[in-house]
Amino acid sequence: TTSRKKSHQIPETKGVVIRRTKNKVMNLDLHGIQLLEAEIDATERKEKRYGARTDTLRRSAEATRIEADADGNGAFLHFQTGGRDLARFDVALGKLPENIRTIGLSRIKRWWMAPSFNNTVPVETQFLLIEIPYSIKRKLYVVFLPLISEDGTFRCTLWNAAKRNDKQIRLRARCESGDKNIRRSEVRSAMWIGGLIANDPSACHDLIERGIKEVALLRKKRIDFDH
């Protein structure tokens, strides 16, 4: 009886935590639950996607730095290229858990967006909400908000690199400037991740609002809107 009660308590570990294993791969935990399982086979290589376009894939353990947001329950992710200036690169964030539900928004044309459901994360996903089972009555709700970089030169999006028969989502973050002459070795504040545990699905609205406020607060502190 005692162990059952303990399993229903919110873990003491709050916010987003990066846990590096002996193999130097990265697992990302949120509220004590493993949110992203590192892909050991996602070593740096060239990946051809969408015709002749070539992207550099970076493994999350070497490419990701984390910075807690103002309330400490979410985090901003900074992505690095390993010292090389690139105009476009992907980061293998890892595999999401099984038995989850997702809803997202992705750009389908230059000026149009459309929703996505049923654990699909299309190219150009700019918002992703995930529901993960936590206990009998409660769920862990997680929001991914890809952002424009702090200097305004790069944009970040999400997509699923899993094969057709793969049950788990292999989440990728894509950072690109849109101009081969604009290159960076680090994209700061490329994404915000936050989560909360609740038994009421409507709580995810509070989570989304909190994420937007955290992004606005960061922009107010660090970005000069005169430029």
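It should be emphasised that the depicted structure is a prediction, and the values quoted were computed from it without experimental measurement.

### Structural notes on the overall build of the chain
Per the secondary structure count, the chain includes 3 helices and 15 strands. Within the chain, the fraction of its 227 residues that count as buried is 48%. For the chain, the proportion of contacts with a sequence separation of at least 24, taken over those separated by at least 6, is 62%. If you sum the accessible surface of the chain, you get close to 12600 Å²; carbon and sulfur atoms cover 50% of it.

### Remarks on the nonpolar core
With 32 residues, the main nonpolar core has Phe 79, Phe 144 and Met 191 as its most contacted residues. Counting only elements with at least two residues in this core, the list comes to strand S3 (33-36), strand S7 (74-80), strand S8 (88-95), strand S11 (125-133), strand S12 (139-146), strand S13 (155-160), strand S14 (170-176) and strand S15 (186-198). Broken down by element, the residue count for this core peaks at 5 residues, all from S15. Not counting the four nearest positions on each side in its chain, Phe 144 is found in contact with Leu 35, Leu 36, Leu 96, Phe 127, Leu 128, Ile 130, Leu 158, Leu 171, Met 191, Trp 192 and Ile 193. Core analysis: the next-biggest nonpolar cluster, separate from the first, contains 15 residues, Phe 76, Leu 129, Trp 192 and Ala 203 among them.

### Looking at the pairing of strand S9 (residues 101-107)
Residues in a regular strand point their side chains to alternate faces of the sheet. Only one face of S9 is covered, namely the one carrying Thr 102, Gly 104 and Ser 106; the face carrying Arg 101, Ile 103, Leu 105 and Arg 107 has none of its residues buried. Examined bridge by bridge, S9 and S11 share 6 bridges and lie antiparallel to one another. Its bridge partner being in S11, Ile 103 is matched across the sheet by Leu 129. Bridging between S9 and strand S10 (residues 113-116) involves 4 bridges; their strand directions are antiparallel. Counterpart to Leu 105 in the pairing with S10 is Pro 115. Between S9 and S10, which pair antiparallel and follow one another directly, the connecting turn spans 5 residues.

Definitions and cut-offs
- Each chain has its residues counted from 1, following the order in which its sequence is written.
- Totals for whole chains, interfaces and linings use every residue, but because this is a predicted model, local features are given only for residues with pLDDT of at least 70 and side-chain atom pairs only at 80 or more, for both listing and counting.
- Side-chain measures were taken over the full set of non-hydrogen atoms in the model, leaving aside hydrogen atoms and water.
- To qualify as a helix, a DSSP run of H or I must reach at least 4 residues; to qualify as a strand, a run of E must reach at least 2; elements of each kind are numbered from the N terminus.
- Exposure categories follow from relative accessible area, calculated using a 1.4 Å probe and restricted to protein chains: below 20% of the type maximum is buried, above 50% is exposed, and the middle band is partly exposed.
- Residues count as neighbours in contact if any of their non-hydrogen atoms are within 4.5 Å of one another.
- Note that accessible areas follow from Shrake-Rupley with a 1.4 Å probe, and for residues the cover is restricted to the protein chains shown.
- We call a set of buried Ala, Val, Leu, Ile, Met, Phe, Trp, Tyr and Cys residues a nonpolar core when their side-chain atoms join them within 4.5 Å.
- For two strands to count as paired, DSSP must find a minimum of two bridges between them.

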